[in-house]
Amino acid sequence: MTEQNNALPPKTCEIERLITMEDDINKVLEGKKTATRRNGRYADVGEIMELKGKKFVVDNVYSQSLGELTDADAEREGFENVEAYKQSILSYHPGMPWLPQMRVWVHEFSPVEE
C-alpha cells in the first residue's frame, strides 16, 4: 500500500507534532507502537522523527477510513484491539464522533539503525 510522496496532498503539520503524548512516546520507544493516525498528513515517506534522542523513519503514509481499521492496525497503534484504540481516541477528543466513513492519515514508522 505504498504511495509516492508526489501523489500525496501537502502536509498539514510538521513531523515534530506527529507523536506528542508521553504514553505514545513510551510505546514507540518500547517498540509497541509502529503507526499513528492523524486527521492530517504530518510526514513524508523517508522523513525522520526523533523521540528522546532515538530516530525513527517514516516508512509509509496513506489514507484510511475508521471503518477499515482492523485489530492488527490497532495493535500497530499500541492497543489490544480496535475497541481499545477507539476508546483511547475518544477520551483524547471528548465529543468527537467515531464515524466509520471518517478518513485519517496513517503514518507507519520504524527505528533507524545507527
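Residues numbered from 1 in each chain as written. Predicted model: local features only at pLDDT ≥ 70, side-chain atom pairs only at ≥ 80, totals over all residues. Heavy atoms only, no water.

Within an unreviewed UniProt entry, the label attached to the chain reads ASCH domain-containing protein, and the organism entered is Neobacillus piezotolerans.

A. The layout of surface pockets, seen in detail. A volume near 470 Å³ is recorded for the largest pocket. Residue lining of the largest pocket: 23 residues in total, with Arg 37, Arg 38, Asn 39, Ile 89 and His 93 positioned closest to the centre. Where the lining of the largest pocket is concerned, the elements lending two or more residues are β1 (35–38) and α3 (82–92). The element contributing the most residues to the lining of the largest pocket is α3, with four residues. In terms of residue class, the lining of the largest pocket is made up of 13 nonpolar, five polar and five charged. (1 Å grid on protein atoms, 1.4 Å probe; cavity = no way out; pocket = protein on both sides within 12 Å on 5 of 7 lines; lining within 4 Å. Points joined across faces, edges and corners; volume = space filled by probe spheres on them. Helix = DSSP H or I, 4+ residues; strand = E, 2+ residues; numbered from the N terminus. Nonpolar A, V, L, I, M, F, W, Y, C, P; charged D, E, K, R; others polar.)

B. Quick peek at the pairing of strand β3 (residues 54–65). Strand direction decides the pairing type here: strand β2 (residues 48–51) and β3, joined by four bridges, are antiparallel. Bridge pairing in β3 links Glu 50 to Lys 55. Sheet topology places β3 next to strand β4 (residues 103–111); nine bridges connect them, and they run antiparallel. Counted as the bridge partner of Val 57 is Ser 110 from β4. (Pairing = 2+ DSSP bridges.)

C. Expanded view of helix α1 (residues 22–29). For α1, the complete set of buried residues consists of Asp 24, Ile 25, Lys 27 and Val 28. In a view along the axis of α1, the buried residues occupy a sector of 160°, so they form one face of it. In this fold, the buried residues of α1 make contact with β2, β3, α3 and β4. The positive-phi residue at the C-terminal boundary of α1 is Gly 31, with phi of around 80°. (Buried < 20%, exposed > 50% of the residue type's maximum accessible area, 1.4 Å probe, protein only. Arc of directions from axis to C-beta. Contact = heavy atoms within 4.5 Å.)

D. Structural view of the nonpolar core. The biggest cluster of nonpolar side chains holds 15 residues, and the ones touching the most others in it are Ile 19 and Met 49. Elements supplying a minimum of two residues to this core: α1, β2, β3 and β4. Examining the composition of this core, we find that three residues originate from one element, β3, more than from any other. Once residues lying within four places of it in the same chain are set aside, the contact partners of Met 49 are Ile 15, Leu 18, Ile 19, Lys 54, Lys 55, Phe 56 and Phe 109. (Core = buried A, V, L, I, M, F, W, Y, C linked by side-chain atoms within 4.5 Å.)

E. Layout of the side chain of Lys 27. Tracing the backbone shows Lys 27 in helix α1. Setting aside its immediate chain neighbours within four residues, Lys 27 contacts Lys 32, Lys 33, Glu 77, Gly 78 and Phe 79.

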